[in-house]
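# Structural characterization, general
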Amino acid sequence: MITPHRKKTISDIAHYVASQFYQSNKTDLIAAAKFEGLNFYHDHYEDSFDGMLLYDDKDFHIHINIDRGNGLETKRGNFTFAHELGHYFIDEHRIGLMTGVLKSHASLHEVNQKNIIEFEADYFASCLLMPEQRFRSFSGGRGKKFSLETITNLSDAFQSSMLATVLRFAEIGTHEITAVISENNTAKWFAQSRDFPKWAFRFKVGQQLPSATVAGEFFTKTNSKYTTIEDVEPNNWFYANDNRANRTMHEQCYYSNSYGYVISLIWFD
Ligand SMILES: [Zn+2]
C-alpha cells in the first residue's frame, strides 16, 4: 500500500496539474496531455488493456482502449486517461520508463491484483479527477444529508466512475462511510472513512457476504433488489461492540448493470 507521505507527494502533483487545467468543474485531461506534448490514441485494442503508456526513445504515447469501455467522454475512459497521465507526471514512473528501469505495462481496472506502480497511478487519477477542495465543496458541508445520491451526483459532476468516486469519498468526503463492493455474493473489496467505527467485519474479502444485509439478500433471494435507503442493524455487517452500535445504520445499494458488481454504502446519520 502507499504510505501517507507518498500519497501526499502524489496528490500534490495531481492537484497542481488539476489547477492548471481546470475547465467547468472538471480537469481537462486532453489539454494537460497536449500541453505536455503527449500523443494519445483512443482506439480498438480488443481485450488486452484499458490503457498503456509507451516511450519510444523520444516521445510518450498514451493508448486508450475503446473496446474495454474507455471511450472519449466516458467515466471509465476518463479514469484510464488520468491513470496513464499519472505514469507520466509521477517522476519515478516517467523517468523509469525513459531509462528502461520500468517496462511499459498494460494498465487494467481489476481491483485486488495490482502492484504499487498501479496503485500510485490510480491514486494520482483520483486526485486529478476529484481534487480535494472541489470535491469537498461539491459534497456540501458536514450536516448535509448523505445517501447514494451524494455519490451519483459527485460521479456525474466529476465524470468519474462510481467505484472511483466511492473510494475518493471514503478518503476525503464529508460523511463517514463504509463501502463494500461485491460480485456473485462475494465481497471483493471495501473502503472505509477514517472516522467510521473500527469494528471487525462479518465478512472477509474473497468470501461470502453476510446474508442479513441488503446486498446479501439481493444475491440470495429473488425479488430483493432494493435501491432505497434501508435501516439495518450494525451487527448485520460488523461485530459492533461499543455504544455507537445503538445508532441507526443505513445501507443503500448501487447495482452496476454493465459490470455486474454491487456497491453497499453503509453510514450513520
Ligand atoms: Zn498503469
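### Quick look at the domain arrangement of the protein chain
Structurally, the protein chain comprises domain 1 (4-129) and domain 2 (133-268). Using C-alpha coordinates to define each centre, domain 1 is positioned 27 Å away from domain 2. In this complex, domain 1 contributes 10 residues to the contact, which on the side of domain 2 involves 12 residues. Among the secondary structure elements, those contributing two or more residues to the side of domain 1 that touches domain 2 are helix 3 (75-89) and helix 5 (116-129). Looking at which element gives the most residues to the side of domain 1 that touches domain 2, the answer is helix 3, with 4 residues. Here the side of domain 1 that touches domain 2 is built from residues that sort into 3 nonpolar, 4 polar and 3 charged.

### Things to note about the sheet that holds strand 4 (residues 51-55)
A sheet is described by the order of its strands in space; here 3 strands give the open sequence 3-5-4, paired in mixed fashion. Both edges of this open sheet fall to strand 3 (39-43) and strand 4, since each of them pairs with a single strand only. Recorded for the sheet is a direction-independent mean angle of 15° between the axes of neighbouring strands. Looking at chain direction, strand 4 and strand 5 (residues 60-65) are connected through 5 bridges and run antiparallel. Of the residues in strand 5, the one forming a bridge with leucine 53 is isoleucine 62. Strands strand 4 and strand 5 of the sheet are contacted by helix 3, whose axis makes an angle of about 30° with strand 4.

About the criteria used
- Note on numbering: residues in each chain are counted from 1, in written sequence order.
- Given that the model is predicted, a residue must reach a pLDDT of at least 70 before its local features are reported, and side-chain atom pairs must reach 80 or more before they are shown or counted; all residues, however, enter totals for whole chains, interfaces and linings.
- For the domain bounds, the source is a domain assignment made automatically or taken from a database.
- Contact between two residues is assigned whenever their backbone-derived C-beta positions fall within 7 Å.
- In this text, helices come from DSSP runs of H or I with a minimum length of four residues, and strands from runs of E with a minimum of two, each type numbered from the N-terminal end.
- Basically, the charged four are Asp, Glu, Lys and Arg, the nonpolar ten are Ala, Val, Leu, Ile, Met, Phe, Trp, Tyr, Cys and Pro, and anything else, Gly included, counts as polar.
- If DSSP finds at least two bridges between two strands, the strands pair.
- Every angle, taken between N-to-C directions, lies between 0 and 180 degrees, and every axis is a line fitted to C-alpha atoms, over only the stretch in contact when it is a helix.

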